[in-house]
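Below are the chains, spelled out letter by letter.
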Amino acid sequence: MPRVIGVDIPGNKRTVVALTYLFGVGDTRAAEVCEALKLDPDKRAGELSDEEIGALAAHLENQYALEGSLRRQVAGNINRLREIACYRGLRHRRGLPVRGQRTRTNARGRKGPRKTVAGKKSVKAMK
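For every chain, the first residue of the written sequence is number 1, and numbering continues from 1 along that sequence. Two thresholds apply to this predicted model, a pLDDT of at least 70 for residue-level local features and 80 or more for giving and counting side-chain atom pairs, whereas whole-chain, interface and lining totals are computed over all residues. Derived side-chain values reflect all non-hydrogen atoms in the structure, with water molecules and hydrogen atoms excluded from consideration.

**Regarding the pattern of salt bridges**
Just so we agree on the cut-off: Should a side-chain nitrogen of Lys or Arg be within 4 Å of a carboxyl oxygen of Asp or Glu, the pair is scored as a salt bridge. Put simply, DSSP H or I for four residues or longer makes a helix, DSSP E for two residues or longer makes a strand, and each gets a number counted from the N terminus. The buried label applies to any residue whose accessible area, calculated with a 1.4 Å probe on protein chains only, is under 20% of its type's maximum; exposed applies above 50%, and partly exposed to all values in between.
Scanning the model with the defined rule gives 4 salt bridges in all. In this structure, the salt-bridge partner of Asp8 is Arg3, at a minimum N-O distance of 2.9 Å. Taking the shortest distance from any N to any O, the salt bridge between Glu67 and Arg71 comes out at 3.8 Å. With Glu67 and Arg71 both in helix α4 (residues 67-83) and 4 residues apart, this pair spans about one turn of that helix. The exposure class of Glu67 is buried, given its relative accessible area of 13%. Among the residues examined, Arg71 registers a relative accessible area of 45% and is labelled partly exposed.

Structure (structure tokens):
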């Protein structure tokens, strides 16, 4: 398993796919990096030489914000929204969907598991 920017990328996958294991590198950016460094995207990541891995790490560090610095940047942006108490910041603070999704149904991934309200009567009991 080659190690790039402090992350072990799977050696048995194609280089272009293995690069997506880095936070901040998606399909498009992985293809751009392979093209810029003239790496064969179909070559397995485990078959990369030490020089290629070094060049890859240097290119990624110089050109893009990745891993820890990108995570800090995203967290800082969210904290800024919370501090200025804008609508998006309030949604982040309350743990609700931020981008306009409905909350009457769905949104369970953001809100967490259901919390049953005690003492609520069912429709049948009211009749």
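That covers the picture; the talk isn't over yet.
**Comments concerning the confidence of the model for the chain**
Selection rule: As a per-residue quantity, pLDDT reports the predictor's confidence and falls between 0 and 100.
Across the chain, pLDDT averages 90, with 94% of residues at or above 70. Mean pLDDT values over the elements of the chain span from 65, in helix α7 (residues 123-126), up to 95, in helix α5 (residues 87-94).

**Examining the nonpolar core**
Rule in force here: What we call a nonpolar core is a set of buried Ala, Val, Leu, Ile, Met, Phe, Trp, Tyr and Cys residues that are connected through their side-chain atoms within 4.5 Å. The contact criterion used throughout is that any non-hydrogen atoms of two residues lie within 4.5 Å.
Val4, Ile9, Leu19, Leu22, Val25, Leu56 and Leu60 are the most contacted members of the largest nonpolar core, which totals 19 residues. Residue assignment for this core shows that the elements contributing at least two residues are α1 (15-18), α2 (27-36) and α3 (50-63). For this core, the leading source of residues is α3, giving 4 residues. Setting aside chain neighbours within four positions, we find Leu22 in contact with Val4, Val7, Ile9, Leu60 and Glu67.

**Let's talk about α4**
Cut-off, in case you're wondering: For a helix, the expected span equals 1.5 Å multiplied by the residue count minus one. Taking the helix axis as origin, the arc is that swept by the directions to the C-beta atoms.
Over its 17 residues, α4 runs 24 Å from end to end, which matches the ideal 24 Å to within 8%, given 1.5 Å per residue. Within α4 the residues assigned to the buried category are Glu67, Leu70 and Leu81. The buried side chains of α4 occupy one side of the element, clustering within an arc of 85° when seen end-on. For α4, exposure combined with an orientation more than 90 degrees from the buried face picks out Arg72 and Glu83. In this structure, the buried residues of α4 make contact with β2 (7-8) and α5. Following α4 by one or two positions, Ala85 has its phi on the positive side, about 55°.

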